[in-house]
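Each chain, letter by letter, is given below.
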Amino acid sequence: KIWIGNIDSKLSEYQLLKLIESAVSSSGGQIDSFDFLYTMSGKGSRVPRGYAFVTVSTRQAATVVINKLNKMVINGRELQVRYANATSSNKQTSSSSSLTGGPLPSVLSAGRSDSNIDKQDKIRQLEAKLKSLEEGNSSIKNSSSSR
């Protein structure tokens with residue numbers, strides 16, 4: 001899977017796909033999937049996010065696409081092309097997901113604690129809050145029924 005970034009908003013999905021097709025065809029490979037990402041604006045129109053993902057049939061085809069398109073200037077912007085799973089650090093963090101087998105993005109693990117003590121404390125706090133709400137509701141019911 002390849003990530004293509006810094007795409008000019010005037011470059012259409014079709015134009016980018018044609019660029020990728022020309023690079024892939026020279027390697028004898030083919031495009032398996034192509035995802036050009038959009039954001040929905042407040043008016044309901046699609047606005048390009050500036051990046052896309054492409055999956056090609058072979059690693060050789062992926063290397064050719066990266067070599068041909070990386071740093072290519074289109075509409076005054078230099079494309080950034082690399083393997084999608086390449087990160088600045090591949091270190092495992094303590095907050096890893098058992099479903100994906102890899103680290104969770106920091107946004108998804110924010111506020112998360114693996115400590116069992118913290119979980120028990122949170123449960124006690126929630127139970128106390130529920131009890132106080134139940135007591136408050138029963139006193140409201142009693143006062144309304146005595147009218």
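Here goes a summary of the coordinates provided. Bear in mind the structure is a predicted one, so any value in this text is a computation, not a measurement. (Residues numbered from 1 in each chain as written. Predicted model: local features only at pLDDT ≥ 70, side-chain atom pairs only at ≥ 80, totals over all residues. Heavy atoms only, no water.)

### Quick word on the overall build of the chain
Now for step 1: Each helix and strand counted, the chain has four helices and six strands in total.
Now for step 2: Looking at the 147 residues of the chain, the share that counts as buried comes to 21%.
Now for step 3: Entry remark: accessible area of the chain is about 10600 Å², with carbon and sulfur atoms responsible for 51%. (Helix = DSSP H or I, 4+ residues; strand = E, 2+ residues; numbered from the N terminus. Buried < 20%, exposed > 50% of the residue type's maximum accessible area, 1.4 Å probe, protein only. Areas by Shrake-Rupley, 256 points an atom, 1.4 Å probe, with all protein chains shown as cover.)

### Here's the deal with the packing of helix α1 (residues 13-25) against helix α2 (residues 59-69)
Now for step 1: Contact geometry of α1 with α2 gives a least axis separation of 8 Å together with a crossing angle of 125 degrees. It follows from the interaxial angle that α1 and α2 lie oblique. Considering how the two elements wind past one another, α1 and α2 form a crossing that is right-handed. Of α2, the residues touching α1 (which contributes L19, I20, A23 and V24) are V64, V65, K68 and L69.
Now for step 2: Along the lines of polarity and charge, the residues of the contact of α1 with α2 split into seven nonpolar, no polar and one charged. (Axes fitted to C-alpha atoms, helices over the stretch in contact; angles between N-to-C directions. Parallel < 35°, antiparallel > 145°, perpendicular 65-115°, else oblique. Left-handed = near helix turned anticlockwise from the far one by under 90°. Contact = heavy atoms within 4.5 Å. Nonpolar A, V, L, I, M, F, W, Y, C, P; charged D, E, K, R; others polar.)

### Overview of the pattern of salt bridges
Now for step 1: Going through the model one piece at a time under the given rule, you end up with one salt bridge.
Now for step 2: A salt bridge links K18 to E21; the shortest N-O distance between them is 3.0 Å. One end of the pair is K18 and the other is E21, both in helix α1 and three residues apart, which spans about a single turn.
Now for step 3: Judged by its relative accessible area of 39%, K18 is partly exposed.
Now for step 4: A relative accessible area of 31% means that E21 is categorised as partly exposed. (Salt bridge = Lys/Arg side-chain N within 4 Å of Asp/Glu carboxyl O.)

### A word on the packing of aromatic side chains
Now for step 1: Inspection of every chain in the model, using the stated rule, returns three aromatic pairs.
Now for step 2: Linked through ring pairs, F34, F36 and Y38 together constitute an aromatic cluster.
Now for step 3: A cation over a ring is seen here: K1 above F53, with NZ or CZ 5.3 Å from the ring centre.
Now for step 4: In this arrangement the basic side chain of R46 is found over the ring face of Y38, its NZ or CZ atom lying 3.9 Å from the centre. (Phe/Tyr/Trp six-rings, centres within 6.5 Å; stacked < 30°, edge-to-face > 60°. Lys NZ or Arg CZ within 6 Å of the ring centre and 35° of its normal.)

### Observations concerning the environment of A52
Now for step 1: Along the chain, A52 falls in strand β3 (residues 46-56).
Now for step 2: With a relative accessible area of 0%, A52 lands in the buried category.
Now for step 3: For the pair formed by A52 and W3, sequence separation is 49 residues and the distance between their alpha carbons is 6.0 Å.

### A short note on α2
Now for step 1: Taken as a whole, α2 has its buried residues at A61, A62, V65, I66 and L69. The buried residues of α2 occupy one face: seen down the axis, they fall within an arc of 135 degrees. Away from its buried face, by an angle of more than 90 degrees, α2 presents the exposed residues R59, Q60 and N67.
Now for step 2: Turning to α2, the residues buried within the fold contact β1 (2-5), α1, β3 and β6 (80-83).
Now for step 3: Once α2 finishes, K71 follows within two positions and takes phi at roughly 70 degrees, a positive value. (Arc of directions from axis to C-beta.)

### Section: the environment of D8
Now for step 1: Tracing the backbone through its elements, the reader meets D8 in the loop between β1 and α1.
Now for step 2: Classification of D8 as buried rests on a relative accessible area of 12%.
Now for step 3: In the structure, D8 is positioned 65 residues away from V73 in sequence and 9.8 Å away in space, judged by C-alpha atoms.
Now for step 4: Contacts of D8, omitting those with residues within four sequence positions, involve I74, N75 and R77.
Now for step 5: A polar atom in the side chain of D8 sits 2.9 Å from the backbone nitrogen of K10. (Polar contact = N/O pair within 3.5 Å; in protein donor to acceptor, adjacent residues only side chain to side chain.)

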